[in-house]
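# Structural overview
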Amino acid sequence: MWLLGCVITLMMANVQGQPSELPFSVPREVNGWQWHGKCDTYDSQTIFDYIDGIGEIYRAYNMRRVWACRYEKADSPTLTLDIFDMGTAEDAFGIFSFERDGEDAGIGQGSDYGGGMLRFWKDRYFVVITAQEESNEARNAILQLGRQLAAGIPRTGKPPELLQFLPAEGLQRERILFFRHPMILNRHFFVAEKDILNLSPKTEGVLATYLSGKAKVRLMLVRYPAEADAVRAWNTFSQAYLREGRQKGVVQTENKKWTAARRQGRTLAIVFDAPSQRQAQQMLQSLRITQQEVSR
Amino acid sequence: MSELVLTRRDLLKATAGAAVAALTPEVLAQERPKRAKVVLVRHKDVLDTQGKIHENVLMEMLDAAVTELVGVKNPIEAWKRLVKPSDLVGVKSNVWNPLPTPKEVEQAIRKRLMDAGVREENIRIDDRGARSTLAPCTALINVRPVRTHWWSGIGGCIKNYIMFTENPASYHPDACSSLAKVWELPAVKGKTRLNILLALTPLFHGRGPHHWDPRYVWQYKGLFVSYDPVAVDAMGLRLIQAKRRQHFGEDVALETPPTHIRDAEVKYGLGVSDPRRIDLVKLGWKEDILIS
């Protein structure tokens, strides 16, 4: 019993010496860069102590916690590893979708690399590795570290279900935005100064871009916790935005393009900037929303 | 929900230029004819190829800028006009890890303060602890690098005082539009003797959680000084916008419109935001100066 107690104590000591708070295994060394075994950690309240105002973006995706770790190597730029626990795979995908820039690095469930920064998501985690200065050596280390970290996350997560509803033709897949908060939506596509879509941390929204010839058409889907929430959103959106087209659910806007909207069950679909009324309405018809989803 | 909500349709109706014009210059020019002076000094040798600061050159630049601003020839005399030997002077620095206020700059300021008669023990340099360490100061020197900022458009001298507040996040709504309100806090109000906006290596575009990307940093090798924190930020903004135009080949809007600069004048009367009412004096190296 005593021996068992010692073994347990030793195991605990080992765990504490390792990244005990970290959600998954983090390598001690990569290509000569050393991690000294400690990470700072912040939650959604203390995030501003770490990343200033940008913390608001992470909070808008329901961030739970971030671990900030540093890898150092003599005469080389420090690598900063940030592991964000976003709570759900949807939000991990969401924060990844917020700012895409760079080349696909083939890491995790989605990634990009550029300018000494690797971003990827897997399961409920969003991971960013940044070099203070870019070099070939740092780039190789970052990608190597990213691959090891992704391998250490045991599960994959389910991307937002709304993605399945998007029609495939003309879809710019690398430009899909997942959002829950009007601030996030407005950063990518300004809709209104106030929240006329009745968004909340429990709503799921997708903004997709389609190319139709030279025209750039936006398709937005928002799924609400309950049908009553979707009805409220329809009412506020149609009143503030569709205005004279409220009854028909379609209107020609001031840029001579067309906006059309439709509610199905707890999902609201809106097409912005279609070249014609027909195209706007066709796009709504082409949504792959199942009857089961509508009646859910 | 009121029908008066401003939507994308309303913006499509009125061009952005018209909307902005409606909000600023002529109206302001009539209501607030105040002008401001900003001095920009640049030196091609202030940084070496590795980005290390040449301290002597930096001191030359600081002296040139401050004497021009104050209007005297001797730099020590100029600093004596800014602070009294009896002052407890706080230097509000900035420790943002990727682009902090360089130690060399802090030391140059410390030296000139001491030359002006301030005792070393009466000089405090701080950023994150400003709310406690700098609050008792009788004079403040505000110094930080200019850069894009995800939440406020740019980070400049107005924003640098946010660490005097109990809850910085409470200033985040509406693109930090109320930042100038910080300058009304008792710890700050009326104490600032000089604003120094560093443009040695500005960041003109940021990415990721740290809003940092070394590809978007360049060696401009300059610094702006002014009594007016709004005017100095307005010039910093012009520089950042000019660099973005040069780099991206077109006007690429900042991630957040830096409305806090305009609001600092319109709502809080802190200084001058309209470039047409700012007298920019340019000293030193002129190559790739970007702003006129």
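Just so you know, these numbers come straight off a predicted model, no measurement behind them.

### Here we look at the overall build of chain A
On a plain count of helices and strands, chain A comes out with nine helices and 13 strands. With respect to the three principal axes, the spread of C-alpha positions in chain A is 75 × 50 × 30 Å. The buried share of chain A, reckoned over its 296 residues, is 52%. In chain A, the proportion of contacts linking residues at least 24 apart, taken out of those at least 6 apart, comes to 59%. Surface accessibility of chain A: about 13,500 Å² in total, with carbon and sulfur atoms responsible for 48%. Across chain A, the mean location of the 37 positive side-chain charges is 8 Å away from that of the 34 negative side-chain charges.

### Describing the pairing of strand 6 (residues 117-122) of chain A
All names here are of chain A. Most of strand 6 is tucked away: six of the six residues are buried. The alternating pattern of strand 6 places M117, R119 and W121 on one face and L118, F120 and K122 on the opposite face, and all of these are buried. If you look at the hairpin formed by strand 5 (residues 110-114) and strand 6, you'll find two residues sitting between the two strands, and G115 has a positive phi there, around 60 degrees. For strand 6 and strand 7 (residues 125-131), the ladder comprises six bridges, and the chain directions are antiparallel. In the strand pairing of strand 7, M117 is matched with T130. Between strand 6 and strand 7, which pair antiparallel in sequence order, lie two residues; one of them, D123, sits at a positive phi of approximately 55 degrees.

### Thoughts on unusual backbone geometry
Residue and element names in this part refer to chain A. Unlike most non-glycine residues, D75 shows phi in positive territory, near 60 degrees. By secondary structure assignment, the location of D75 is in the loop between strand 3 (65-72) and strand 4 (79-85). When its relative accessible area of 86% is taken as the criterion, D75 is described as exposed. Phi angles above zero are rare outside glycine, and K256 is one such case at about 70 degrees. Along the chain, K256 turns up in the loop between strand 11 (250-252) and strand 12 (258-264). Looking at K256, the relative accessible area reads 62%, which means it is exposed.

### As for the sheet that holds strand 6 of chain A
Pairing between the strands of a sheet is mediated by backbone hydrogen bonds and can be parallel or antiparallel. Residue and element names in this part refer to chain A. The seven strands lie next to each other as 1-2-3-4-7-6-5, forming an open sheet whose pairing is antiparallel. The open sheet is flanked by strand 1 (29-30) and strand 5, the only strands paired with a single partner. Helix 4 (residues 89-98) rests against strand 5, strand 6 and strand 7 of the sheet, and its axis sits at about 155 degrees to strand 6. Set on the sheet, helix 5 (residues 136-152) makes contact with strand 1, strand 2 (33-43), strand 3, strand 4, strand 5, strand 6 and strand 7; between it and strand 7 the angle comes to about 165 degrees.

### Examining helix 6 (residues 103-115) of chain B
All names here are of chain B. Over its 13 residues, helix 6 runs 18 Å from end to end, which matches the ideal 18 Å to within 8%, given 1.5 Å per residue. When helix 6 is considered as a whole, its buried residues turn out to be V105, E106, A108, I109, R110, R112 and L113. Those residues of helix 6 that are buried are in contact with helix 4 (55-70), helix 5 (75-82), strand 2 (89-92), strand 3 (123-126), strand 4 (139-149) and strand 6 (192-203). G117, located one to two residues past helix 6, shows a positive phi value of around 105 degrees.

### So, the state of the cysteines
For the structure on display, the rule yields one disulfide over all chains. For C39(A), the disulfide goes to C69(A), at an S-S distance of 2.2 Å. The disulfide joining C39(A) to C69(A) has a torsion of about 105 degrees about its S-S bond and is therefore right-handed. Taken as a pair, C39(A) in strand 2 and C69(A) in strand 3 lie far apart in primary sequence, 30 residues in all. Residue C39(A) is classed as partly exposed on the basis of its relative accessible area, which comes to 22%. Not engaged in a disulfide, the cysteine C157(B) finds its nearest cysteine sulfur in C176(B); these two sulfurs lie 16 Å apart.

So, how was this worked out
Residues numbered from 1 in each chain as written. Chains lettered and ligands numbered in written order. Predicted model: local features only at pLDDT ≥ 70, side-chain atom pairs only at ≥ 80, totals over all residues. Heavy atoms only, no water. Helix = DSSP H or I, 4+ residues; strand = E, 2+ residues; numbered from the N terminus. Buried < 20%, exposed > 50% of the residue type's maximum accessible area, 1.4 Å probe, protein only. Contact = heavy atoms within 4.5 Å. Areas by Shrake-Rupley, 256 points an atom, 1.4 Å probe, with all protein chains shown as cover. Lys, Arg positive; Asp, Glu negative; His and termini not counted. Charge placed at Lys NZ, Arg CZ, Asp CG, Glu CD. Pairing = 2+ DSSP bridges. Axes fitted to C-alpha atoms, helices over the stretch in contact; angles between N-to-C directions. Expected span 1.5 Å × (residues − 1). Disulfide = S-S within 2.5 Å.

Geometry only, nothing functional implied.
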